[in-house]
Amino acid sequence: MSSIPRQLWTYRRERPVFVIVSVVTIVTLLGWLPVEHHLREMGMGLPYTFNDFSAYTEALNRWLEGTQMYVPQDNGGYFGEYLYPPVTVLAFYPFKTTGFDTGAVLFGFTAIVLLWLGLEATIRTLGYRLRIWERLGVLVMLFSFQPVIRNFRWAQTATLLTALLAFAFYFQERAESKTSAYGDGEVSERTRSLYRYASGAFTTLGSSFKLFYATSGAHLLRDRKRFAGAMAAAAGLLVVSLAVFGVETNLQYLDVLTWGKGWGENKAMYAWDTAAAYRPMHAFGSLGLYLKILGILTVIGLTLATRTSDSRMARHVTFALGVAVVPLFAPKADSHDLVVLVVPAVILLAYELDRPDGYAWMPVLSVLLVHVHRYVIVFLTQPEGNFPGAALLYDFGPYLQPGMWGTFLLVGLAGYRVAEHAALPGPETIRDWFDR
């Protein structure tokens with residue numbers, strides 16, 4: 001298979017929009033680090049504060065000292081505190097032992113490298129083997145991608161969770177192949193079953209820190225063994241959590257969930273935190289929460305309706321849809337959570353390129369829109385900007401969020417493709433689900 005530049009060249013007449021969008025996106029990401037450095041000097045870039053790492057280490061210290069892990073503030077909230085399930089704090093212990101700054105940097109690098117490896121594995125299962133220089137290019141683009149920058153500099157977990165979901169897709173596809181990953185022999189049925197269980201387990205791990213990532217498990221509804229692997233992993237995490245941290249700490253975590261980090265709030269745009277703001281349902285006001293619930297039910301229904309299709313394409317788009325809706329239907333997601341969209345973007349790009357009537361430019365454009373989201377929000381939230389029409393842009397700001405439109409593009413395309421494989425299930429379909 002030819003290199004990416006040569007493939008783009010061959011598409012120049014057949015898919016000119018795709019080529020233009022791809023070139024702009026690739027060039028932007030490859031050259032973004034110097035631009036971002038300049039933006040930091042202008043006060044628009046993100047500093048290296050590693051804010052969240054302090055919450056991780058403080059929770060670890062409290063646990064090691066035998067005190068309460070989740071400490072509410074005077075107002076009863078947990079803002080700035082550890083907000084993940086108790087068992088997940090163990091993942092940060094190796095990094096804590098190296099010191100604060102070193103540990104935060106190592107954690108960030110580990111997450112990025114794992115995502116890099118997960119995306120490379122995903123791309124390989126989709127039929128393309130990256131050359132060494134292409135792999136290095138992907139690594140540079142990941143370091144330059146704004147949600148990854150945000151995750152790294154504030155020591156957040158979304159990059160790590162995205163990596164786990166990429167491996168979940170990889171294991172799903174390995175389970176469907178009868179040949180080894182290197183084409184040097186056949187894979188036994190037992191090994192393929194283990195891949196199915198692993199795909200489910202990694203899906204659970206990808207949702208273990210932030211429970212609203214659970215929509216990524218839509219593909220589990222298509223395969224009993226993947227579903228079993230996910231449930232076994234969830235049960236294992238719960239047992240470890242109860243055994244290590246006790247019942248009281250786990251019950252305290254339920255109070256953290258009840259608090260919910262301000263879920264359901266619909267602040268005016270002037271009050272948005274430009275470093276993290278992502279409000280895809282802002283225009284719908286109080287109806288936004290009900291639309292999210294309806295959206296989740298729709299994803300479940302579409303996934304169940306595709307169970308009659310065993311095609312490779314149905315597997316791909318179902319997985320892509322479940323992951324793509326994570327930030328859209330979350331009670332509250334921030335811009336750093338948008339990194340999760342790179343997995344469905346890669347899957348849908350391969351799918352659309354395989355179709356002569358495909359919209360391959362849409363997943364690429366969604367990545368570009370997500371990348372520029374935070375920088376555009378900074379301008380949109382400044383009504384006294386030094387350019388004509390700044391006040392007008394502020395008035396329409398909630399409708400101009402690039403990350404919102406990038407999400408809409410990706411979810412809309414994935415939903416449309418899943419619907420093409422859907423069929424109304426009958427009694428035989430439901431019975432077949434338990435037999436598979």
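Data block above holds the structure.
By convention here, each chain's residues receive numbers from 1 onward along its written sequence. Predicted model: local features are reported for residues with pLDDT of at least 70 only, side-chain atom pairs are reported and counted for 80 or more only, and whole-chain, interface and lining totals are derived from all residues. The side-chain values count all of the structure's non-hydrogen atoms but skip hydrogen atoms and water molecules.

Q: I'd like to hear about the overall build of the protein, residue by residue, with values.
A: In DSSP terms, a helix is any run of H or I states spanning at least four residues, a strand is any run of E spanning at least two, and both are numbered starting from the N terminus. Helix and strand content of the protein: 19 helices and zero strands. In terms of C-alpha radius of gyration, the protein reaches 22 Å, essentially the compact-globule figure of 22 Å for 436 residues. C-alpha atoms of the protein, sized along the principal axes, occupy 60 × 55 × 45 Å. The buried label applies to any residue whose accessible area, calculated with a 1.4 Å probe on protein chains only, is under 20% of its type's maximum; exposed applies above 50%, and partly exposed to all values in between. For the protein, the proportion of its 436 residues judged to be buried stands at 52%. If you take every contact in the protein between residues at least 6 apart in sequence, the share linking residues at least 24 apart comes to 78%. Areas reported as accessible are Shrake-Rupley estimates using a 1.4 Å probe. Residue values count occlusion only from the protein chains shown. On the protein, roughly 19900 Å² of surface is accessible, and the fraction owed to carbon and sulfur atoms is 65%. For the radius of gyration, the atom set is restricted to C-alpha positions; the globular benchmark scales as 2.2 Å times the number of residues to the power 0.38. Contacts were defined at the residue level, with two residues in contact if any of their heavy atoms lie within 4.5 Å.

Q: Provide a residue-level description of the pattern of salt bridges, including the pertinent values.
A: Salt bridge, as applied in this entry: a Lys or Arg side-chain nitrogen positioned within 4 Å of an Asp or Glu carboxyl oxygen. This structure, assessed with the given rule, holds 18 salt bridges. Between Glu120 and Arg124 there is a salt bridge whose closest N-O contact spans 2.6 Å. Note that Glu120 and Arg124 are positioned in helix H6 (residues 100-125) at a spacing of four residues, about one turn of the helix. Of the charged contacts in the structure, one is a salt bridge between Glu176 and Arg196, with a shortest N-O distance of 3.2 Å. Here Arg196 lies in helix H10 (residues 189-205) and Glu176 lies in the loop between helix H9 (158-175) and H10, a separation of 20 residues in the sequence. When its relative accessible area of 12% is taken as the criterion, Arg196 is described as buried. Taken together, the salt bridges that share partners define one network made up of Glu173, Glu176, Arg196, Asp223, Arg226 and Arg315.

Q: Give a description of the layout of surface pockets that names residues and reports values.
A: For the second largest pocket, the calculated volume is near 1200 Å³. Cavities and pockets were defined on a 1 Å grid built from protein atoms only: a cavity is a group of points that admits a 1.4 Å probe but offers it no way out, a pocket is an open group of points flanked by protein on both sides within 12 Å along at least five of seven lines, and a lining residue is one with an atom within 4 Å of any such point. Contributing to the lining of the second largest pocket are 37 residues, with Ile4, Ile26, Ile123, Met141 and Leu349 lying nearest its centre. Contributions of two or more residues to the lining of the second largest pocket are made by helix H1 (4-10), helix H2 (16-30), H6, helix H7 (132-144), helix H15 (342-353) and helix H16 (361-380). In terms of residues, the lining of the second largest pocket owes the most to one element, H2, which gives eight residues. Grid points are joined across faces, edges and corners, and a volume is the space filled by probe spheres set on the points.

Q: Account for the packing of aromatic side chains, naming residues and giving values.
A: When the centres of two rings from Phe, Tyr and Trp lie within 6.5 Å, Trp using its six-membered ring, the rings pair. Their planes under 30 degrees apart give stacked, over 60 give edge-to-face, and anything left gives tilted. On inspection of all chains with the given rule, the structure shows 29 aromatic pairs. With a centroid separation of 5.5 Å and an interplanar angle of 80°, the aromatic rings of Phe95 and Phe107 are classed as edge-to-face. Of the two residues, Phe95 sits in helix H5 (residues 93-96) while Phe107 sits in helix H6, which places them 12 residues apart along the sequence. Like Phe95, the residue Phe107 is buried in the burial classification. Relative to Phe202, the ring of Phe167 has its centre 6.2 Å away and its plane inclined at 55°; by these criteria the two rings are tilted. One end of the pair, Phe167, is in helix H9; the other, Phe202, is in helix H10, with 35 residues separating them in the sequence. Taking the relative accessible area as the measure of exposure, Phe167 reaches 19% and is therefore buried. Take Phe202: its relative accessible area is 23%, and that puts it in the partly exposed class. Ring-over charges, as used throughout, are those where CZ of Arg or NZ of Lys falls within 6 Å of the ring centre and within 35 degrees of the ring normal. Here the guanidinium or amino end of Arg15 rests over the ring plane of Tyr11, the centre of that ring lying 5.5 Å away. The ring of Trp154 is capped by Arg150, whose NZ or CZ atom sits 3.9 Å from the centre of that ring.

Q: Before we move on, could you go through the packing of helix H13 (residues 312-324) against H15 and cite the residues and values that matter?
A: Each axis is a line fitted through C-alpha atoms, taken for helices only over the stretch in contact, and angles between the N-to-C directions span 0 to 180 degrees. H15 packs onto H13 with a crossing angle of 150° between their chain directions and a minimal axis gap of 8 Å. In this view, H13 runs roughly antiparallel relative to H15, as classed from their interaxial angle. As for the relative orientation of H13 and H15, their crossing is left-handed in sense. Between H13, through Met313, His316, Val317, Phe319, Ala320, Val323 and Ala324, and H15, the contact on the second element is made entirely by Val343, Pro344, Ile347, Leu348 and Tyr351. When residues are grouped by polarity, Ala, Val, Leu, Ile, Met, Phe, Trp, Tyr, Cys and Pro land in nonpolar, Asp, Glu, Lys and Arg in charged, and all others, Gly among them, in polar. Tallied by class, residues from the contact of H13 with H15 come to 11 nonpolar, one polar and no charged. Each angle gets one of four labels, with under 35 degrees taken as roughly parallel, over 145 as roughly antiparallel, 65 to 115 as roughly perpendicular, and the rest as oblique. For any pair of crossing helices, the crossing counts as left-handed if the nearer helix is rotated counterclockwise from the farther one by less than a right angle, and right-handed if it is rotated clockwise.

Q: Before we move on, could you go through empty space enclosed by the protein and cite the residues and values that matter?
A: Scanning all chains against the criterion turns up one cavity of 30 Å³ or more. Within this model, the largest cavity holds a volume of roughly 40 Å³. Forming the boundary of the largest cavity are Phe107, Gly108, Ala111, Ile112, Val148, Asn151, Phe152, Gln156 and Thr159. Among the secondary structure elements, those contributing two or more residues to the lining of the largest cavity are H6 and helix H8 (146-153). Looking at the lining of the largest cavity element by element, the count peaks at four residues for H6. When its residues are assigned to classes, the lining of the largest cavity shows five nonpolar, four polar and no charged.

Q: Tell me what's going on with the side chain of Ser199, and back it up with residues and numbers.
A: Structurally, Ser199 can be placed in helix H10. The residues contacting Ser199, other than those within four sequence positions of it, are Ala168, Phe171, Gln172, His219 and Arg226.

Don't take any of this as a statement about function, it's just geometry.
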